Amino acid sequence: MYRLLALASGRGSNFLAILNAIESGEIPNAKMVGLITDRENTGAEEHAKKYQVPVKVIPFKNYPTKDDFYQDLLLAAKSFEPDLILGAGFMRILPPEFIRSFPDRIMNIHPSLLPAFPGMNAQKQAYEYGVKVSGCTVHFMDEGVDTGPIILQKAVEIPEGSSVEEITQLILKEEHQLYIKAIKLFCENKLVIEYNTSKTRKIVRIKSS
Ligand code: GAR
């Protein structure tokens, strides 16, 4: 059984999709061992309670400094002894010490086709840029902002005249499925991280069997 730990800041629809996929057997060999949120009363916390997943709330606003917050976040994450950490709408950039504590074991979902539109409000960035196709990306986190090795991507066509909210919904639907696929691949030991030929970045190769 792979021990999954989710980090979330809000609604938690990706988190819920993952819980459902574990429950239905779509991800057969994984268990959600915990959820950490950085604020109180999130949708993600509600979902966790329904599924009896232990929750640790570490409210960012109660900490005098960022360092103090991240120290507690790291301690909390380690306490769950996760095999894989999942950023599920976690709206903070994890510091290098955190990333290095779980090398190649932190996944994230991002609502754009990276490397396009990293950072906050990716769907609005896509809207403002006027792209006709956007999508979502599941990647391993590294020390940059949405720069880590890409695991899976799904393109989403943007119908003419779509609002930011419509784009967000179209992408979100695909996010849920893509994240589950990526977690499944991880739990099947099918993800190989290696350097590209020019040794400039790590990339993910997916084993076929
Ligand atoms: C999702 O769209 C996710 O891709 C995005 O936040 C939303 C969380 O929704 N994450 C980022 O933008 C990370 N840079 P959810 O709480 O319903 O899963």
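Here we summarise the structure given alongside this text. (Residues numbered from 1 in each chain as written. Predicted model: local features only at pLDDT ≥ 70, side-chain atom pairs only at ≥ 80, totals over all residues. Heavy atoms only, no water.)

### Regarding the site of the ligand
- In the vicinity of the ligand, the contacting residues are Arg11, Gly12, Ser13, Asn14, Gly89, Met91, Ile109, His110, Pro111, Gln123, Leu172 and Glu175.
- Glu175 places a polar side-chain atom, nitrogen or oxygen, 2.7 Å from an oxygen atom of the ligand.
- Judged by the fraction of its atoms near the pocket grid, the ligand is located in the largest pocket.
- Secondary-structure elements contributing two or more residues to the shell around the ligand are α1 (13-23), β5 (106-110) and α6 (164-187). (Near = heavy atom within 4 Å. Polar contact = N/O pair within 3.5 Å; in protein donor to acceptor, adjacent residues only side chain to side chain. 1 Å grid on protein atoms, 1.4 Å probe; cavity = no way out; pocket = protein on both sides within 12 Å on 5 of 7 lines; lining within 4 Å. Sits in = over half its atoms within 2 Å of the grid points. Helix = DSSP H or I, 4+ residues; strand = E, 2+ residues; numbered from the N terminus.)

### Looking at the sheet that holds β5
- In space, the seven strands of this open sheet follow the order β3-β2-β1-β4-β5-β6-β7, with mixed pairing throughout. Sheet topology places β3 (55-57) and β7 (150-157) at the edges, where each strand pairs with a single neighbour. Mean inter-strand twist for the sheet, computed between neighbouring axes without regard to direction, equals 20°.
- The sheet contacts of α6 involve β1 (2-8), β2 (30-37), β4 (84-87), β5, β6 (133-140) and β7, and relative to β7 the element is tilted by about 155°. (Pairing = 2+ DSSP bridges. Axes fitted to C-alpha atoms, helices over the stretch in contact; angles between N-to-C directions. Contact = heavy atoms within 4.5 Å.)

### Considerations on the environment of Gln123
- In this fold, Gln123 is placed in helix α5 (residues 122-129).
- For the pair Gln123 and Lys154, spaced 31 residues apart in the sequence, the C-alpha separation amounts to 14 Å.

### Focus: helix α2 (residues 43-50)
- Residues of α2 that are buried include every one of Ala44, Glu45, His47 and Ala48, and no others. One face of α2 carries all of its buried residues, which in axial projection span an arc of 160°. Of the exposed residues in α2, those oriented more than 90 degrees away from the buried face are Lys49 and Lys50.
- For α2, the elements touching its buried residues are β1, α1, β2 and β3.
- Once α2 finishes, Gln52 follows within two positions and takes phi at roughly 55°, a positive value. (Buried < 20%, exposed > 50% of the residue type's maximum accessible area, 1.4 Å probe, protein only. Arc of directions from axis to C-beta.)

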